[in-house]
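Examination of the molecular architecture
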Amino acid sequence: MINVSRSKQSLLWYLAFIVSAFLFSCGGSGSDSPRIKAWVIERELDASNYSEASGLVEVPREFGGLDLDVTKLTITNLTNQSVFLVKIHTGSDAISGAASGLAYQRDSSRALMPSATWSRSERSHSGVERLDFTPATRFNAQLPSRTAPAVQRNLINAAEAEASLPPQVGEARWFYIEEDNSDNPDWVPVEATLEAIGYHCYVWVWSTNKDSLVLPADERLSRSEAELVADKFDLIYPLQTNLFGHEYGGGVEESDALYGGIDSDPRVHLFFYDILADYDPDEDLQSGIVGYFHGKDEYTTIVGSNRAEILYFDTGFYLNKPEVVYSTLIHEFQHMIHFNRKALAHNLQSPTWYNEMLSLLAEDVIGSHADVGIAEEGLPWTTRPGLFCTGYLDEGLTEWGSSLQSYSQKYLFGAWLARTRGGPDLIKAMIDNSLVGTASILGAVQSLAPASAPEFPDLVADFVSALSFQGSGSGLNTTITGTIGGIDYSLPGFDLWSYNTSSFLSSYADYFLQSRNRGPVIALANTYMTRVGPNSFSLHSESSWQDASGTLSITCEQPVDPDVKLYLAFVSESGSGD
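Reading the values: the criteria
- Residues numbered from 1 in each chain as written.
- Predicted model: local features only at pLDDT ≥ 70, side-chain atom pairs only at ≥ 80, totals over all residues.
- Heavy atoms only, no water.
- Helix = DSSP H or I, 4+ residues; strand = E, 2+ residues; numbered from the N terminus.
- Buried < 20%, exposed > 50% of the residue type's maximum accessible area, 1.4 Å probe, protein only.
- Contact = heavy atoms within 4.5 Å.
- Areas by Shrake-Rupley, 256 points an atom, 1.4 Å probe, with all protein chains shown as cover.
- Pairing = 2+ DSSP bridges.
- Axes fitted to C-alpha atoms, helices over the stretch in contact; angles between N-to-C directions.
- Salt bridge = Lys/Arg side-chain N within 4 Å of Asp/Glu carboxyl O.
- Core = buried A, V, L, I, M, F, W, Y, C linked by side-chain atoms within 4.5 Å.
- Expected span 1.5 Å × (residues − 1).
- Phe/Tyr/Trp six-rings, centres within 6.5 Å; stacked < 30°, edge-to-face > 60°.
- Parallel < 35°, antiparallel > 145°, perpendicular 65-115°, else oblique.
- Nonpolar A, V, L, I, M, F, W, Y, C, P; charged D, E, K, R; others polar.
- Left-handed = near helix turned anticlockwise from the far one by under 90°.
- pLDDT = per-residue confidence, 0-100.

Digging into the overall build of the protein chain
Looking only at helices and strands, the protein chain has 14 helices and 24 strands in total. When burial is assessed residue by residue, the protein chain has 54% of its 578 residues classed as buried. Restricting to contacts in the protein chain with at least 6 residues of sequence separation, those with at least 24 account for 74%. As displayed, the protein chain offers around 23,400 Å² of accessible surface, 49% of which is attributable to carbon and sulfur atoms.

Written as structure tokens, this is what we have:
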């Protein structure tokens, strides 16, 4: 039932309002145009018609063709149900939080969330905080054009050709490394020793720090440790290339002109050193740069290029947390493969968020494989979800910001996509198609379900709907399996609502609902972020909206930005968290 209320019942006022509406409509449209503030929709919703199975219920924002300012909702027949306001922004650009709308039960002042001051130590997360290596991330996000591979190899002179012969264990060679995590590369030549040779890799170890002092034996990889790394990569390589495809020069016959990639050697180089020279054996490593792939090494004419398919890893992390390094090895190998499958094969530049999402999915599906044997502390579904629960508000799904939150959010989105839209086959479809970003995701989804034709906002809304409800409906806690190329793959289920966020919530009691301390944190309904990212969302409620029965009245101030929509979610208390 829809009723229209006016500030006065006089027909004169009514006609004046219609005239003003006409003048406003003639004056332009868009988020900068003034909205009519005298016109209010009053809408009655029967809660008995809605449940988790109903998904999200959109809050109406139009009446009679007018974009209205306020929607007043009277929700009836609530029976031990909790009501949540869900905001979804499907625009491609960030907007001001003040333009995203809010809700309240009575007149209420707006509250601005102090997101910039949130403490990392108060975020709910476990395991190691893996940080970006800025020079590699920036370079990989803006790859320079690359000439034909055969011409590239012909640029190597005779001395370099001699150095490209297969090395032997104990042999030393020179490599370039970067000494700081800045945008201004300072390439330094260093000598490393080959400590192990696997079927698919070389393991190089740099035994000195930047002061040219030889490191103690317990601060660098031994030969036996390097052999363990080679063994692990040899387990990972066939599983990952079967699903994701090969690195440049891999998977082809020796007679092929591309065989072995830029250095004509089919093995991948794994280079271990103290990244940024910050390792302290007396400190418990909780954050840092664990490893990276740098696209500059696939170019012969770029200063600092090692002219090889090479991945870099931190010695300190391996000595203390080898499972994290093994998972990172899978992650960075996807970046190397991605360079070949997207940049070289199709001349495409992948958005960082998309490339990282696929690397996180590689950790998920390859790291969980029984043959690889990575312990749980090194797998993303044990370390990323808790951080997502307190950090999902920080940025949009289709952008890349701080590595702390970006990794967790992109993992959750990718994990949900894979577990609900095709399992391992979806991952393969994304890396196989000649698309990147949202187009690649949509193309992969439709290739597995040809009758479907979703738009990206549809996927975002489905993802948010899953996060609004606890339990099996989320799609995250169901293990999904698939067989590709004769190999079985599995995506383990996990419970997003097992992560307790009490510590974080108590620190910001003025902005978050305290009674829901498991799963994604719930912002109070009358709060908003300073910034709302592209393809982002937020969950809101009030204590009086929880476990409610009878009638509930809510006033929604509609978003100024047309790309933001408000929804309601009705959750039965029988399926709620703590």
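We are not done yet, so read on.
Let's talk about the pairing of strand S17 (residues 480-484)
Residues Ile480, Gly482 and Ile484 point to one face of S17 and are all buried, whereas Thr481 and Thr483, pointing to the other face, are not buried. As judged from the 5 bridges shared by S17 and strand S18 (residues 487-491), these two strands associate in the antiparallel manner. Bridge pairing links glycine 482 to tyrosine 489 in S18. Between S17 and S18, which pair antiparallel in sequence order, lie 2 residues; one of them, glycine 485, sits at a positive phi of approximately 55°.

Observations concerning the sheet that holds strand S12 (residues 201-205)
Sheet architecture is open: 6 strands sit in the order S10-S11-S12-S13-S16-S15, paired in mixed fashion. Edge positions in the sheet fall to strand S10 (172-178) and strand S15 (291-293), since each has one partner strand and no second. Strand-to-strand twist across the sheet, computed as the mean angle between neighbouring axes with direction ignored, equals 35°. By the bridge criterion, 4 bridges tie strand S11 (residues 187-197) to S12 in an arrangement that is antiparallel. Residue pairing across strands places isoleucine 197 opposite tyrosine 202, the latter belonging to S12. Along the sheet face, helix H5 (residues 223-244) touches S11, S12 and strand S13 (268-273) and points at about 80° away from the line of S11.

So, the pattern of salt bridges
According to the stated counting rule, one finds 9 salt bridges in the structure shown. Between arginine 173 and glutamate 171 there is a salt bridge, with the nearest N and O atoms lying 3.1 Å from each other. Overall, glutamate 171 belongs to the partly exposed group, its relative accessible area being 28%. A salt bridge links arginine 419 to aspartate 364; its shortest N-O distance comes to 2.9 Å. Note that arginine 419 is positioned in helix H10 (residues 403-420) and aspartate 364 in helix H8 (residues 352-367), a separation of 55 residues in sequence. Just as arginine 419 is buried, aspartate 364 falls in that class too.

Re the nonpolar core
General note: in soluble globular proteins, nonpolar side chains tend to be found buried as a group. Core analysis: the biggest nonpolar cluster contains 112 residues, and Leu270, Ile366 and Ile441 have the highest contact counts within it. Here this core gets 10 residues from one element, more than from any other, and that element is helix H7 (residues 322-346). With sequence-adjacent residues up to four places away left out, isoleucine 366 is seen in contact with Ile236, Leu239, Gln240, Leu243, Phe244, Ile330, Val372 and Tyr489. In this structure, Val57, Val83, Ala548 and Phe570 belong to the second largest nonpolar core, which totals 19 residues.

What to know about H8
With 16 residues, H8 extends 21 Å from end C-alpha to end C-alpha; this agrees with the ideal 22 Å at 1.5 Å per step. In terms of burial, H8 is largely enclosed, as 16 of its 16 residues are buried.

A word on the environment of glycine 295
Structurally, the position occupied by glycine 295 is in the loop between S15 and strand S16 (310-314). When the C-alpha atoms of glycine 295 and isoleucine 310 are compared, they prove to be 9.3 Å apart, with 15 residues separating the residues in sequence. With sequence-adjacent residues up to four places away left out, glycine 295 is seen in contact with Phe139, Asn140 and Leu143.

Notes on the packing of aromatic side chains
Tallied over the entire structure, the rule returns 31 aromatic pairs. With centroids separated by 5.5 Å and ring planes inclined at 65°, the aromatic side chains of phenylalanine 271 and tyrosine 273 adopt a geometry described as edge-to-face. When sorted by exposure, phenylalanine 271 lands in the same class as tyrosine 273, which is buried. Aromatic side chains tyrosine 299 and phenylalanine 339 sit 6.2 Å apart centroid to centroid with 70° between the ring planes, which places their arrangement in the edge-to-face category.

Digging into the packing of helix H9 (residues 380-391) against H10
Taken N-terminus to C-terminus, the directions of H9 and H10 make an angle of 110°; their axes are 8 Å apart at the nearest point. Compared by their axis directions, H9 and H10 come out roughly perpendicular. Contacts between H9 and H10 involve Pro380, Trp381, Arg384, Pro385, Leu387, Phe388 and Gly391 from the former and Leu404, Gln405, Tyr407, Ser408, Gln409, Tyr411 and Leu412 from the latter. When its residues are assigned to classes, the contact of H9 with H10 shows 9 nonpolar, 4 polar and 1 charged.

Focus on helix H12 (residues 437-448)
Over its 12 residues, H12 runs 17 Å from end to end, which matches the ideal 16 Å to within 8%, given 1.5 Å per residue. Every buried residue of H12 is accounted for by Gly437, Ser440, Ile441, Leu442, Ala444 and Val445.

Remarks on unusual backbone geometry
The backbone of asparagine 347 sits at a positive phi, close to 55°, despite the residue not being glycine. Residue position: asparagine 347 is located in the loop between H7 and H8. Positive phi, close to 50°, is recorded for aspartate 547, a residue that is not glycine. Structurally, aspartate 547 can be placed in the loop between strand S22 (536-541) and strand S23 (548-557). On the basis of relative accessible area, aspartate 547 is assigned to the partly exposed category, the value being 41%.

Some details on the packing of H7 against H8
One can describe the packing of H7 onto H8 by two numbers: an axis separation of 8 Å at closest approach and a directional angle of 130°. One way to sum up the angle between H7 and H8 is to call them oblique. Remark: the crossing between H7 and H8 carries right-handed chirality. From H7, Ser327, Ile330, His331, Gln334, His335, His338 and Lys342 reach across to H8, where they touch Tyr354, Asn355, Glu356, Leu358, Ser359, Leu360, Ala362, Glu363, Ile366 and Gly367.

Let's talk about the confidence of the model for the protein chain
Per-residue confidence for the protein chain gives a mean pLDDT of 83, with 82% of residues at or over 70. Across the protein chain, the secondary-structure element scoring lowest on mean pLDDT is strand S1 (residues 2-5), at 37, and the one scoring highest is helix H11 (residues 424-432), at 98. This stretch, residues 1-36, has a pLDDT under 50; its non-local contacts, to residues over four places away or in other chains, come to 38 contacts. Long-range and interchain partners of residues 153-159, a stretch whose pLDDT sits below 50, account for 13 contacts in this model, where long-range means more than four residues apart.

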